[in-house]
Amino acid sequence: MSPFRLTRTLPEDATGAALRADVREGLTGSPRTLPPKWFYDARGSELFEEITGLPEYYPTRAEREILLARSGEIAEASGARTLIELGSGSSEKTRHLIGALAGLHTYVPVDVSESALTLAGRALVAERPGLNVHALVDDFTGRMALPDTPGPRLVAFLGGTIGNLLPAERAAFLASVRAMLAPGDGLLLGTDLVKDEKVLVRAYDDAAGVTAAFNRNVLAVINRELGADFDPAAFDHVAAWDAGHEWIEMRLRSRDPQTVKIPALDLAVDFGAGEELRTEISAKFRKERVREELASAGLELARWWTDEEGRFALSLSVAR
Ligand SMILES: C[S@@+](CC[C@H](N)C(=O)[O-])C[C@H]1O[C@@H](n2cnc3c(N)ncnc32)[C@H](O)[C@@H]1O
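Small disclaimer: the values here were computed from a predicted structure and weren't measured. Each chain has its residues counted from 1, running along the sequence as written. Note on the predicted model: pLDDT of at least 70 is required for a residue's local features to be given, and 80 or more for side-chain atom pairs to be given and counted; whole-chain, interface and lining totals, by contrast, use all residues. Excluded from the side-chain calculation are hydrogens and water; included are all heavy atoms of the structure.

*Asks:* Could you give me a rundown of the packing of aromatic side chains, with the residues and numbers involved?
*Replies:* Pairing of aromatic rings covers Phe, Tyr and Trp, the last counted by its six-membered ring, and requires centre-to-centre distances within 6.5 Å; plane angles under 30 degrees mean stacked, over 60 mean edge-to-face, and any other angle means tilted. Counted under the stated rule, the structure contains 13 aromatic pairs. Centre to centre, the rings of Tyr57 and Tyr204 are 6.1 Å apart; their planes meet at 75°, and the pair counts as edge-to-face. Here Tyr204 lies in the loop between helix H7 (197-203) and helix H8 (210-226) and Tyr57 lies in the loop between helix H2 (42-52) and helix H3 (58-78), a separation of 147 residues in the sequence. Pair check on accessibility: Tyr57 and Tyr204 agree, each one buried. Every member of this aromatic cluster is reached through a ring pair, and the members are Phe39, Tyr40, Phe48, Tyr57, Tyr204 and Phe214. Definition used: whenever NZ (Lys) or CZ (Arg) falls within 6 Å of the ring centre and also within 35 degrees of the ring normal, the charge is taken to sit over that ring. The side chain of Arg32 reaches across the aromatic face of Phe271, ending 5.0 Å from its centre. In DSSP terms, a helix is any run of H or I states spanning at least four residues, a strand is any run of E spanning at least two, and both are numbered starting from the N terminus. Categorising residues by exposure relies on relative accessible area from a 1.4 Å probe, with only protein chains included: less than 20% of the type maximum marks a residue as buried, more than 50% marks it as exposed, and the intermediate range marks it as partly exposed.

*Asks:* Please give an account of the site of the ligand that cites residues and values.
*Replies:* For this description, a residue counts as near a given molecule or strand if any of its non-hydrogen atoms is within 4 Å of it. Neighbouring the ligand are 17 residues, the closest being Gly87, Lys93, Asp111, Asp139 and Phe140. Any N or O atom pair separated by 3.5 Å or less is treated as a polar contact, with the protein-specific requirement of one donor-capable and one acceptor-capable atom, and with residues adjacent in sequence counted only for side-chain atom pairs. Between the ligand and Gly159 there is a distance of 3.5 Å, counted from an oxygen atom to a backbone nitrogen or oxygen. Areas reported as accessible are Shrake-Rupley estimates using a 1.4 Å probe. Residue values count occlusion only from the protein chains shown. For the ligand, whose free accessible area comes to 600 Å², the fraction covered by protein is 93%. In the scheme used here, Gly and all other residues not listed as nonpolar or charged are polar, with Ala, Val, Leu, Ile, Met, Phe, Trp, Tyr, Cys and Pro taken as nonpolar and Asp, Glu, Lys and Arg as charged. Taken together, the residues that form the shell around the ligand break down as five nonpolar, six polar and six charged.

*Asks:* Give a description of the confidence of the model for the protein that names residues and reports values.
*Replies:* Mean pLDDT over the protein works out to 96, with 98% of the residues at or above the 70 mark. Per-residue confidence from the predictor is reported as pLDDT, which spans 0 to 100. Looking at the elements of the protein, mean pLDDT is at its lowest for strand S1 (residues 4-8), recorded as 89, and at its highest for strand S7 (residues 186-192), recorded as 99.

See below:
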């Protein structure tokens, strides 16, 4: 087998059909919402990579700090031969863990962004000869057709991406992760932590406007894929802390009254002046909540590490 394989497990047009269903449901409901996975076309993935280097966006640096310090311990505790990474993006931080996992046989990055998977996968096989990289273009919230590879398995879900799921979606997601694991296999989970509101809001509303461009990119995706006539410049980027839910909300706010046509759905959507469309939530966590949510899914929290400043946590839990 070639050391780099890329499989699209979704049937032809599944992505288009899912986008049409999500846009119809999200733009005709109240409040208006869109799932964050539609940010990540090739341009959206590039913009996300740019965000990870911004001075205000501490999560990537904090999680990298933990991985640099703890990859040896994680490798020793898991002994993984297969590493499955969900929402792997550039796999940039994961390199530290891959380097530490001496017995690793196959790395399975899973992402909706084919461009990110291809770039990351090719670089990895060049860096680590002998490692099999089997990339899957798939939605981690659905049933994934994982390759048949040797255990023990370690599933990694980094970047705080779990915070993009609503509580009920998180519970279903964690249960599906547990179903991928045999007793004793592990989950390595990155969670951003509750902290000062100003620090949080700045991380999602940077001075250079890269996060604003990332947020508006979802409108460009809908224009291209569904023939819509969104004017992204007519929407303001909003990042707000919801203290009750302990999550950041990213929204797009229509500056003026406007009607957007979406021909592929035979739909016209009216926006009032100041009307908002929620494009992402990013939940922030406390240790006890992480422990409880893992336990409800049959995963036992075994290790908990934070960066020096206590901004971000990486936890290792074990399937019971
Ligand atoms: C916040 S980024 C994190 C990327 C990387 N793990 C990191 O830590 O920098 C989220 C990643 O998950 C991917 N993604 C988002 N929703 C997804 C879904 N439902 N299924 C698969 N991948 C998804 C995006 O394409 C993106 O690469």
